[in-house]
Amino acid sequence: MFRFWPRRGPTAPTVAADGSVLPGSLPSDALTRGQRVMERCNLLARHSEEADRLTRPYGTPSLRAAQNDVAAWMRSAGMETRQDAIGNLIGSYPGRHSGPPLLLGSHLDTVRDAGRFDGMLGVLVAIAVVEHLHQRNERLPFPVEVVAFADEEGLRFHTAYLGSRFLIGALDSTVLALRDEAGVTLQEAVEVFGGNASALLFPDSVSYSFAGYVECHLEQGPVLEHLQLPVGVVSAIAGQSRIAVAFSGQAGHAGTVPMDLRRDPLGAAAEFVLAVEEAARECEGAVATVGQIAAEPGASNVIPGRVPLTLDVRHQDDVQRHELCRHLETEARAIAGRRAIDLGWRIVEDQPAVACDPALTALLADAVAATGCPVHQLPSGAGHDAVTLSAIAPVAMLFVRCVRGISHHPDESVSLEDTAVAIDALDRFMAGLAQKQMAGPDLQAGGCAEDARAGPE
Ligand SMILES: [Zn+2]
């Protein structure tokens, strides 16, 4: 008879007044396991392409070295390891029954001058969860696989999610011809990395079906810290609009053109930046950012002739995001009209929001509640592999509080106690899912996506 590890009884409040988690309320071994994850994050941070900072792009010796460490940890956690055609590392832990596995994991590549937790934390927490099963000689009713994606950040080839896009058979031939800064094509990089470039475009030969994907990731924002919560359950991954805006007027001599005869696009842009801030503040759940702006031609004694700027708008509700974008375009046209300025407005990207699977997310929320922590659901403003994988399977995500919301930076940090809570929550999630499956024929019995078993065709 399949046995679950014992559940604790009702727990005392886990979160201290200062927001730290009280170790005494965690299972006795959770801190030890959290400590191991922290140590492993530190060990992986040694593998970098740059001596004085962490930079680990796809297909590099440093990624290979990180994968070698992770593969060894996977094997000692009872998993068999393999590398797929693009170089993702996958560890599999059999279940009591065969069938599509539940996939846990994250990525091992990094941005330039990265922190040591973005991606790695999710892979190592997943290994900790499987290790726990292995040490207790427990098999869940379904197989579990831990994936360490080889490319999520897109640092080398400037295209994100290569690893997960391959996994679902969503790469096309244009990707193979992408070149890095040294002129090396992705096709060449795949071969050098020990992958199989000729298999990348043939989903039938590489197809991989999985029952669901659950990723633990640091929050990369300040919300959980603000709420003094160690972990949060992701409700959706926000949709994103990227818009190229340009205000064009008349360049001129800063000394000779009177103020009332000017058509200065920088003034219009300044008004617009403030309008963006105000509109996003008034639209609950929205964030909008002007991240790049230039005054052309750009000289201290020249009235600008053209001001291009970028607009990034995100919301977990696509309807509200589109509405906000339309409102901002109307504002921009009104500002330009009042100042006799021309407006360029070009939508560069429109990435729909991805809702996390309600059934998996509810189980994850139950698991967080069982750790004794308050459950808080929040959207992810950043993209993750779950966006890609949601095309073929239900996804869920657990966020871990990150110190001061800092990410993609060497100061990126999570606490040992929060990591321990995340491990505890995922243990409980797996037990809950197993229990649910025992009540039904497969992972989908709990109401997960109908097409979860479908391949990528
Ligand atoms: Zn990440």
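Everything below is about the structure printed above this text.
Residues numbered from 1 in each chain as written. Predicted model: local features only at pLDDT ≥ 70, side-chain atom pairs only at ≥ 80, totals over all residues. Heavy atoms only, no water.

Draft legend 1. A look at the overall build of the protein chain. Helix and strand counts for the protein chain come out as 13 helices and 15 strands. Across the 457 residues that make up the protein chain, the buried fraction comes to 53%. When the accessible surface of the protein chain is summed, it comes to about 19200 Å², and 51% of that surface belongs to carbon and sulfur atoms. (Helix = DSSP H or I, 4+ residues; strand = E, 2+ residues; numbered from the N terminus. Buried < 20%, exposed > 50% of the residue type's maximum accessible area, 1.4 Å probe, protein only. Areas by Shrake-Rupley, 256 points an atom, 1.4 Å probe, with all protein chains shown as cover.)

Draft legend 2. Just the pairing of strand E1 (residues 80–83), in detail. The pairing of E1 with strand E2 (residues 89–93) spans 4 bridges and is antiparallel. Across the sheet, the residue bridging to Arg 82 is Ile 90, located in E2. Between E1 and E2, which pair antiparallel in sequence order, lie 5 residues; one of them, Gly 87, sits at a positive phi of approximately 105°. (Pairing = 2+ DSSP bridges.)

Draft legend 3. Molecular detail of the coordination of the zinc ion. Summarising the metal site, the zinc ion is bound by the protein donors His 107 (NE2), Asp 118 (OD) and His 217 (NE2), whose distances to it range over 2.0 to 2.1 Å. Each donor residue of the zinc ion lies on the same chain, and together they follow the pattern H-x10-D-x98-H. Of this pair, His 107 sits in strand E3 (residues 102–107) while His 217 is found in strand E5 (residues 212–218), placing the two residues 110 residues apart along the sequence. Across the pair, exposure class does not vary: His 107 and His 217 are buried alike. (Donors = N, O, S within 2.8 Å, 3.2 Å for Na, K, Ca; no water.)

Draft legend 4. Local environment of the environment of Glu 331. One can find Glu 331 in helix H10 (residues 318–338). Here Glu 331 falls in the partly exposed class, since its relative accessible area comes to 29%.

Draft legend 5. Fine view of the packing of helix H1 (residues 30–44) against helix H3 (residues 120–135). At their nearest, the axes of H1 and H3 sit 10 Å apart, and the two run at 135° to each other. With respect to H3, the element H1 is oriented oblique. Read as a crossing pair, H1 and H3 show a hand that is right-handed. Here Arg 33, Arg 36, Val 37, Arg 40, Cys 41 and Leu 44 of H1 lie close against H3, whose contacting residues are Met 120, Leu 121, Leu 124, Val 125, Ile 127, Ala 128, Val 129, Glu 131, His 132 and Gln 135. (Axes fitted to C-alpha atoms, helices over the stretch in contact; angles between N-to-C directions. Parallel < 35°, antiparallel > 145°, perpendicular 65-115°, else oblique. Left-handed = near helix turned anticlockwise from the far one by under 90°. Contact = heavy atoms within 4.5 Å.)

Draft legend 6. Region of interest: the sheet that holds strand E11 (residues 306–315). Strand order across the open sheet formed by 4 strands is E9-E11-E7-E12, with antiparallel pairing between neighbours. Among the strands making up the open sheet, the edge pair consists of strand E9 (287–289) and strand E12 (342–351). If you compare each strand with its neighbour and ignore which way they point, the axes differ by 15° on average. With 10 bridges joining them, strand E7 (residues 239–248) and E11 adopt antiparallel strand pairing. The residue of E11 that forms the bridge with Phe 247 is Val 307. Strands in contact with helix H9 (residues 265–282) are E7, E9, E11 and E12; relative to E11, the strand with the most contacts, it is inclined by about 10°.

Draft legend 7. Representation of helix H11 (residues 358–370) within the structure. The first and last C-alpha atoms of H11 sit 18 Å apart over 13 residues, in line with the 18 Å expected at 1.5 Å per residue. Residues of H11 that are buried: Ala 359, Leu 360, Thr 361, Leu 363, Leu 364, Ala 365, Ala 367 and Val 368. Its buried side turned inward, H11 meets E5, strand E6 (231–237), strand E14 (377–380), strand E15 (395–400) and helix H13 (416–438). Within two residues after H11, Gly 372 carries a phi angle of roughly 95°, on the positive side. (Expected span 1.5 Å × (residues − 1).)

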